[in-house]
Amino acid sequence: MTAVAARRPLAWTRTESPQEDAFAGVVGGAAILLAGPPPAEGAEDLDSHMQRLGTLAPALGNLDAFLQAVVDSGLQGRGGAGFPVAAKMAAIAAIGRQPLLVVNGSESEPASRKDWTLLCLRPHLVLDGAALGAAAVGADTAVLQLHRGSVGPAAALRRALEQRRVAGLADPAFQIRFGPNRYVAGESSAVRAFLAGSAAKPSPGGGHAAGRGQPVLVQNVESVALLGLIGRHGPDWFRQLGTLTSPGPSLVTLVGAVGWPGRVVEVARPVPLSQLLSQWAGITRAPQAVLFGGYAGSWADGRQAWDLDISRDALAGAGLTFGCGMVGVLPWDACGLAETARILEYLAGESSGQCGPCMFGLPGLARAMTGLARGSASAGDLRRLARMSTELTGRGGCHHPDGAVALLEHALTVFSDDVSHHLRRGRCDRAQRTPVFPIPTPDAESSWR
Amino acid sequence: MTFRLKIDLERCSGHGICTLLAPASIDLDQWGFPVLRAEPLMAGAEARSARRAVAACPASALQLESVPELQPHR
């Protein structure tokens, strides 16, 4: 598969057309999610998709076998937490009322583009998985949940749905819905709340089954696309990819100083970070640091991470987060403290304001970190920062504050030399550099509905 | 009977009455929101104070649950 190079703004939006801006590649084997026509051709149409992969009918005709295949595949959700998909499906089916399937394409991580890319380039792969998943849990409706402004994915889905209607495929009723452009609005309990007519804010526990009302099964776009492939090719085929405990391919988004930020790479089998970055980002020496998993993810020292395998298991083993698959490269001339401060300011602004410690604590945390990045912090401020982290951990109804604290704690460890430098001599020269990681501009209309 | 306090931080608006009525069980963090003591189980006088805190909470954000007696391992 070839990559398509094009202009690359620092802070991309999600409205660019896939023809110009979709990048995709594969490492560690052959692609299955991004196989097919080159990205420059845009969304694959139904004819090409069916010619390449064949009909879904056998799987739709034997749903028990399909459910068993999902169990045997060991598929873990690709939204971030890696929860087993089969367990979620079984929990929903056990309620005994007709559920709603939600294909979650919110992709709230500002720098992640894997779901966006999949929807723009392979809409039928996602819709096949949704049709099969919906049939398997007895849902007659599937919601395609996007963020407002997801113009490319919405257009690709609309065209794909029209092709399927004309072809007379046995699909559930598909609905495209647009949720608020907020960081936490893509979390599954927030999506459920949004679809029930409430504010798109997370709720504690966030269990898989709604208490009252219709049970709602929320699955990430990439997980859903994989369901369609497992239905066609079976669990043994799927397990040849990925790792023993985290089977199947995974999509990652390359971000930061990578040449083309926003490029999505399919990791068929885990390869070391060095191979991923040399092959698809032209980086041949370990960078200063790498931010894994998203903005509420974890920093790693670049040289320590250089030989690390890119897989959920290997990262977890190193105390790092795979999360949404973001791999963010911090170059040697950038300041990790300044980048962390910018991200923390963003995360603080994205608190849903439901729990006091998060609402007041995250801005405090971000302010203190900004002070440290600017070189105006004292040793006392650093102690206050540590105390805030401790008091914030586990104190939210959702994991938003935990994610921010984890990011901060990784930063203080990985950039410990910079911390002492900033405390002694003030801001470093590198903090003046153009920012590396894109921060979304706040939505003018900041509604939660 | 053994009890355990639960706080719903989405309801809590930081009045701080709970920590006055049940100081042995509840502290406040630096933002004025309640933090439960690390050892969650309580009984006797402490549980009675906790019950008063639950009743007095203006936001109905506190709950006192009874904890079933420990069962021997099967």
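All residue numbers here refer to positions counted from 1 along the written sequence of the relevant chain. Written order decides the labels, with chains lettered from A and ligands numbered from 1. The predicted nature of this model means local features are confined to residues of pLDDT at least 70 and side-chain atom pairs, given and counted, to a pLDDT of 80 or more, with totals for whole chains, interfaces and linings taken over all residues.

Digging into the overall build of chain B
Counting from the N terminus, the helices are DSSP H or I runs at least four residues long and the strands are E runs at least two residues long. Counting its secondary structure elements, chain B contains 2 helices and 5 strands. Ordering the α and β elements of chain B from the N terminus gives β-α-β-β-β-α-β. Along the first, second and third principal axes, the C-alpha atoms of chain B reach 45 × 20 × 20 Å. Whether a residue is buried, exposed or partly exposed follows from its count of other C-beta atoms within 10 Å of its own C-beta, namely 20 or more, 12 or fewer, or something in between, respectively; the C-beta atoms are built from the backbone. Residues counted as buried form 23% of the 74 residues belonging to chain B. In this description, any two residues whose backbone-derived C-beta atoms lie within 7 Å of each other are considered to be in contact. Taking as baseline every contact in chain B between residues at least 6 positions apart, the subset at least 24 positions apart corresponds to 64%.

A short note on the interface of chain B and chain A
Interfaces are often sized by the amount of accessible area the parts lose when they come together. Contact with chain B, which involves 8 residues of that partner, is made by 11 residues of chain A. Ten residue types, Ala, Val, Leu, Ile, Met, Phe, Trp, Tyr, Cys and Pro, are classed as nonpolar, four, Asp, Glu, Lys and Arg, as charged, and the remainder, Gly among them, as polar. Its residues assigned to classes, the side of chain B that touches chain A shows 4 nonpolar, 2 polar and 2 charged.

Re helix α9 (residues 188-195) of chain A
Each turn of an α-helix holds 3.6 residues, which means side chains three or four residues apart point in the same direction. Residues and elements named next belong to chain A. Extensive coverage of α9 is indicated by the burial of 8 of its 8 residues. For α9, the full list of buried residues reads Ser188, Ser189, Ala190, Val191, Arg192, Ala193, Phe194 and Leu195. For α9, the secondary structure elements touched by its buried residues are β2 (100-105), β3 (141-147), β4 (173-179) and β5 (216-220). Phi for Gly197, located one or two positions after α9, is positive at around 95°.

Points about the nonpolar core
All names here are of chain A. With 150 residues, the main nonpolar core has Leu344 and Leu365 as its most contacted residues. Residue contributions to this core peak at 10 residues, all from helix α7 (residues 123-137). Per the annotation, domain bounds derive from an automatic or database assignment of domains. Shared between two domains, this core takes at least three residues from each, and those domains are domain 1 (34-239) and domain 2 (336-432). The residues contacting Leu344, other than those within four sequence positions of it, are Leu365, Ala366, Met369, Ala404, Leu407 and Leu408. What makes a nonpolar core is a set of buried Ala, Val, Leu, Ile, Met, Phe, Trp, Tyr and Cys residues, with links drawn between C-beta atoms within 7 Å.

Notes on the sheet that holds strand β9 (residues 298-301) of chain A
Residue and element names in this part refer to chain A. Spatial ordering of the open sheet is given by β1-β7-β6-β10-β8-β9, a layout of 6 strands whose pairing is mixed. Lying at the two open borders of the sheet, with one neighbouring strand each, are β1 (24-27) and β9. Looking at each pair of strands side by side, their axes are set apart by 25° on average, direction ignored. Looking at chain direction, strand β6 (residues 250-256) and strand β7 (residues 263-267) are connected through 5 bridges and run antiparallel. By the bridge assignment, Leu254 is partnered in β7 with Arg263. Helix axes are fitted only over the stretch in contact, all axes being lines through C-alpha atoms; the angle between N-to-C directions runs from 0 to 180 degrees. Its contacts with the sheet place helix α18 (residues 400-414) against β8 (289-292) and β9, and it is angled at close to 15° to β9. Pairing between strands is defined by DSSP: at least two bridges between them are needed.

Regarding the domain arrangement of chain A
Residue and element names in this part refer to chain A. By the assigned domains, chain A splits into domain 1 (34-239) and domain 2 (336-432). Relative to domain 2, the C-alpha centre of domain 1 lies at a distance of 35 Å. Every contact between the two is made by 9 residues of domain 1 and, on the other side, 7 residues of domain 2. The residue inventory of the side of domain 1 that touches domain 2, partitioned by class, reads 4 nonpolar, 2 polar and 3 charged.

Topic: the packing of α7 of chain A against helix α8 (residues 151-167) of chain A
All names here are of chain A. Interhelical geometry of α7 versus α8 gives an angle of 60° and a closest axis separation of 9 Å. The two elements α7 and α8 cross, and the hand of that crossing is right-handed. Within the contact between the two elements, α7 uses Pro123, His124 and Leu127 and α8 uses Ala156, Leu157, Ala160 and Arg164. Crossings are assigned a handedness: left-handed for a near helix turned anticlockwise from the far helix by less than a right angle, right-handed for a clockwise turn.

As for the sheet that holds β2 of chain A
Residues and elements named next belong to chain A. Strand order in the open sheet formed by 4 strands is β4-β3-β2-β5, with parallel pairing between adjacent strands. With one partner strand each, in any of the chains shown, β4 and β5 form the two edges of the open sheet. Here the average twist between neighbouring strands, direction ignored, is 25°. Relative to β4, β3 runs parallel, the two being bridged by 7 bridges. Residue Ala142 lies in a different strand from β4, and its bridge partner there is Phe174. Its contacts with the sheet put α9 on β2, β3, β4 and β5, and the angle it makes with β5 is roughly 130°.

Considerations on α8 of chain A
In a helix, the anticipated span is given by 1.5 Å times the number of residues less one. Compared with an ideal rise of 1.5 Å per residue, which puts 17 residues at 24 Å, α8 of chain A spans 24 Å between its outermost C-alpha atoms and is within 8% of the ideal. Residue Gly168 of chain A follows α8 of chain A closely and has a positive phi angle near 70°.

Thoughts on the environment of Gly152 of chain A
By secondary structure assignment, the location of Gly152 of chain A is in helix α8. In the structure, Gly152 of chain A is positioned 107 residues away from Asp45 of chain A in sequence and 15 Å away in space, judged by C-alpha atoms.

A look at the confidence of the model for chain B
All names here are of chain B. Chain-level statistics for chain B give a pLDDT mean of 90 and a share of 93% at 70 or above. What pLDDT conveys is the predictor's confidence in a given residue, as a value from 0 to 100. Mean pLDDT across the elements of chain B bottoms out in strand β4 (residues 41-42) (90) and peaks in helix α2 (residues 44-56) (95). Scoring the predicted complex yields pTM 0.90 and, for the interface, ipTM 0.78.

Examining the confidence of the model for chain A
Residue-level pLDDT values for chain A average 90, and 92% of them are 70 or greater. Within the model, pLDDT remains below 50 along residues 1-21 of chain A, and this stretch shows 43 contacts once partners closer than five positions in the same chain are excluded.

A word on the pairing of β2 of chain A
Side-chain positions along a regular strand alternate between the two faces of the sheet. Residue and element names in this part refer to chain A. Counted residue by residue, β2 has 6 buried out of 6 residues, so it is predominantly covered. Side chains Leu100, Val102 and Asn104 project from β2 onto one buried face, and the interleaved Leu101, Val103 and Gly105 project onto a second face that is buried too. Relative to β5, β2 is paired through 5 bridges, and the arrangement is parallel. In the strand pairing of β5, Leu101 is matched with Leu217. Summarising the sheet, β2 and β3 pair through 5 bridges and their orientation is parallel. Across the sheet, Val102 pairs through a bridge with Val143, a residue of β3.

Quick look at the environment of Gln51 of chain A
Residue and element names in this part refer to chain A. Topologically, Gln51 is positioned in helix α2 (residues 46-53). Overall, Gln51 belongs to the exposed group, with 10 C-beta atoms counted inside 10 Å. Along the chain, Gln51 and Asp140 lie 89 residues apart, while their C-alpha atoms are 27 Å from each other.

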